[in-house]
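Residues per chain, in single letters:
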Amino acid sequence: MPDSLPTTDISDDATYEIYQLCYARAPDRRVHENFLRRDMHDGPMPLDFSLWILRNAARTVLVDTGFSARAAGERGRPLDIDPLEALRLVGIDPDSIEDIILTHLHYDHAGNIDRFVRARFHVQDAEAAFATGRCMCEPALRFPFDVEDVVSFVRHVYAERIHFHDGDAAPLPGISLHCLPGHSQGLQAVKVMTPRGPVLLASDVSHLYANFLRRAPFALTVDAAATLRSYGRMLEIAGAVDRIIPGHDPLVRKLYPSVTVNGVTLTSLHEDPAIHDISTLRNLTAD
């Protein structure tokens, strides 16, 4: 078993390897918990919790930062591995990372940000306003946010470590951000150029393949109409279903090859998936 990921051979500044790191799971999740409107048979439908590593010879970029051990204990959501420890085990020093894209500020995507000492964080204006404004007076809306993480975020604002974006942007070569709200007000997907072509890290624009293939929004949705519009735009941006990586679907780990380093298994999203055909994905997401 290797001690670290092999040195990348991608010298093109605008092309990346993408590795998905699944750091926690919800194996007991049920179908009815994953859809805004329950219109299918109930049964097991687990979720993964992941962050994404973008890497070439010039830089390593993170997309999201996972949740902390503290949040895991408070929410009864055990970690399989601490996200920063997992990064170290695969040979990535968290202290060396200079750019982190936060798709949104929910606890499972923007925890641990106080532990990255050098990074600047890329966030949508709308998400920052949502997470720190009057909507957080409503328990139903603030539930997926963690107050300590949001306080850390505000501290980073004062330390000039937040790079704000107002809509679509291209902050780094080969990486573009696309504001696709619905699940949260300032949710952004990340389009990345890879050796197999562009890949869209959808994050929670669609938790599961089933959400966008069935046009059935996830249970936690602040604007269902916006979510449905975002599904259409997501497909336009990605160009094909096999270019879309949902934020929480265990199917991703089945469809793509993997590599294990020091006991940490990463999913290689820059490589071709085992299944390309949309009808096959529909069958896989059927109840």
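Read on for a plain summary of the structure. All figures in this text were calculated on a predicted structure; none of them were measured in a lab.

Reading guide: rules and limits
Residues numbered from 1 in each chain as written. Predicted model: local features only at pLDDT ≥ 70, side-chain atom pairs only at ≥ 80, totals over all residues. Heavy atoms only, no water. Salt bridge = Lys/Arg side-chain N within 4 Å of Asp/Glu carboxyl O. Helix = DSSP H or I, 4+ residues; strand = E, 2+ residues; numbered from the N terminus. Buried < 20%, exposed > 50% of the residue type's maximum accessible area, 1.4 Å probe, protein only. Core = buried A, V, L, I, M, F, W, Y, C linked by side-chain atoms within 4.5 Å. Contact = heavy atoms within 4.5 Å. Pairing = 2+ DSSP bridges. Axes fitted to C-alpha atoms, helices over the stretch in contact; angles between N-to-C directions.

1. Describing the pattern of salt bridges
- Within this structure, the stated rule accounts for 12 salt bridges.
- Put simply, D42 and R30 hold a salt bridge, and the shortest N to O gap is 3.9 Å. Within this pair, whereas D42 is found in the loop between β1 (17-26) and β2 (47-55), its partner R30 is found in the loop between β1 and β2, the two being separated by 12 residues in sequence.
- Relative accessible area serves as the criterion here: at 31%, D42 is assigned to the partly exposed category.
- The partner of R233 in a salt bridge is D168, and the shortest N-O contact between them spans 2.2 Å. Separated by 65 residues along the polypeptide, R233 in helix α7 (residues 224-238) and D168 in the loop between β6 (162-165) and β7 (169-172) bring together distant segments of the chain.
- For R233, a relative accessible area of 29% translates into the label partly exposed.
- Judged by its relative accessible area of 40%, D168 falls in the partly exposed class.

2. A word on the nonpolar core
- Counting residues in each nonpolar core, the largest one holds 36 residues, and the members touching the most others are L54, L201, Y209 and M234.
- Residue contacts for M234: discarding those within four places in its chain leaves L180, L200, A202, V205, S206, F212 and I244.
- Within the second largest apolar cluster, 32 residues are counted, among which are L51, L102, M136 and F153.

3. Re the sheet that holds strand β13 (residues 264-268)
- Here eight strands make up an open sheet; going across it, the order is β6-β5-β4-β3-β2-β1-β13-β12 and the pairing mixed. The open sheet is flanked by β6 and β12 (258-261), the only strands paired with a single partner. On average, each strand axis in the sheet is tilted by 30° relative to the strand beside it, whichever way the strands run.
- Note that β1 and β2 share nine bridges and pair antiparallel. Pairing of Q20 across the sheet is with W52, part of β2.
- The sheet contacts of helix α3 (residues 125-132) involve β5 (120-124) and β6, and relative to β5 the element is tilted by about 85°.

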